[in-house]
Structure formats: C-alpha cells, structure tokens
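Remarks on the overall topology
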Amino acid sequence: QVHLVESGGGLVQPGASLRISCAASRLTFTFDSYFMSWYRQAPGKERELVADINGVGSSTTYADSVKGRFTISRDNFKGTVYLQMDSLKPEDTAVYYCKANGLSSYWGQGTQVTVTS
C-alpha cells in the first residue's frame, strides 16, 4: 500500500509564503511513474484540484485561483512532491492533500494551512 505523508502546513498571515511537502513510500513502481497532484478542501466545500505535475516534472497545471502564486515541483530521488505557496490569501485556508495517480490512486492524510491576520 502506497504511503503518502504531507507536512509543512501551519498558520500564516496574508501575503506570507509556505512550502508543503508530500513524501511517498511503499511504492509499487518508481516514484516517477506517478502523476502527482495537490488538492485542498476548505470547511463546507468540496475538495478541489490545486495543481498537478507529470512524472518527470516537465509539465504542470494549476487552478486559476492559484496560478502565478503557487508552484508545484517534485524530487524523484527523494520521492517527494512540493507545493510552494506565495502571496497567501485567507481563501487559501484549507486542508491540503497530495494524491499519487498511477494504475491506482492514493491519498495522503492532509496538512492544514490557515491564512489569517
């Protein structure tokens, strides 16, 4: 069973930056075989796709709400995917989840990001 562990969440003020990470282990295939995604879910809202990245890190996509502020990246040697979040806004407050997409899909347990003054 693939194991994904997110970390790096926290409480920050508007305009601040934060980088969250997702480390993968117990992979059936090599890490670069998995298309990786970051999702988020705010209270009372549905889970939404924030960003994703292909296996070699050459292609990324972003939700319109985060384009230009967030950057997804991956380190295949470390088996880790990152989400660099800049110019954070209160509406970015959510639990952030990573997802590994392969023959099967796997979710992490989430990390809380709270943006408030």
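For the structure itself, consult the block above.
Residues numbered from 1 in each chain as written. Predicted model: local features only at pLDDT ≥ 70, side-chain atom pairs only at ≥ 80, totals over all residues. Heavy atoms only, no water.

Before going further, it helps to examine the overall build of the protein. Each helix and strand in the protein was counted, giving zero helices and eleven strands. Secondary structure elements in the protein, listed N-terminal to C-terminal, are β-β-β-β-β-β-β-β-β-β-β. Relative to the 2.2 N^0.38 estimate, which gives 13 Å for 117 residues, the radius of gyration of the protein is 13 Å and therefore close to what a compact globule would have. Summarising its shape, the C-alpha atoms of the protein cover approximately 45 × 25 × 25 Å along the three principal directions. Split into buried and exposed, the 117 residues of the protein put 44% on the buried side. Look at the contacts in the protein between residues 6 or more apart in sequence, and 52% of them connect residues 24 or more apart. Of the roughly 6100 Å² of accessible surface on the protein, 49% is carried by carbon and sulfur atoms. Looking at the protein, you have 11 positive and 10 negative side-chain charges, and the mean spots of the two groups are 3 Å apart. (Helix = DSSP H or I, 4+ residues; strand = E, 2+ residues; numbered from the N terminus. Rg over C-alpha atoms; globule rule 2.2 N^0.38 Å. Buried < 20%, exposed > 50% of the residue type's maximum accessible area, 1.4 Å probe, protein only. Contact = heavy atoms within 4.5 Å. Areas by Shrake-Rupley, 256 points an atom, 1.4 Å probe, with all protein chains shown as cover. Lys, Arg positive; Asp, Glu negative; His and termini not counted. Charge placed at Lys NZ, Arg CZ, Asp CG, Glu CD.)

Bringing the state of the cysteines into the picture now. Across all of its chains, the model carries one disulfide by this definition. Across the disulfide, Cys22 is cross-linked to Cys98 (sulfur-sulfur distance 1.9 Å). Given an S-S torsion of about 45°, the disulfide between Cys22 and Cys98 has right-handed geometry. A residue pair is termed long-range when its members are at least 10 positions apart, and Cys22 in strand β3 (residues 18-25) and Cys98 in strand β9 (residues 94-101) qualify at 76 residues. Residue class for Cys22 comes out buried when judged on its relative accessible area of 0%. (Disulfide = S-S within 2.5 Å.)

Moving on: the layout of surface pockets. Of the volumes computed, that of the largest pocket is approximately 170 Å³. If you trace the largest pocket, you find it lined by Arg40, Gln41, Ala42, Lys45, Glu46, Glu48, Ser65, Arg69, Glu91, Asp92, Thr93 and Ala94. (1 Å grid on protein atoms, 1.4 Å probe; cavity = no way out; pocket = protein on both sides within 12 Å on 5 of 7 lines; lining within 4 Å. Points joined across faces, edges and corners; volume = space filled by probe spheres on them.)

Turning our eyes to something else, we now look at the nonpolar core. Ranked by internal contacts, the top residues of the largest apolar core, which has 30 residues, are Leu4, Met36, Trp38, Leu83, Met85 and Tyr96. Listing elements by their share of this core, those giving two or more residues are β3, β4 (35-41), β5 (48-53), β7 (70-75), β8 (80-85), β9 and β11 (111-115). (Core = buried A, V, L, I, M, F, W, Y, C linked by side-chain atoms within 4.5 Å.)

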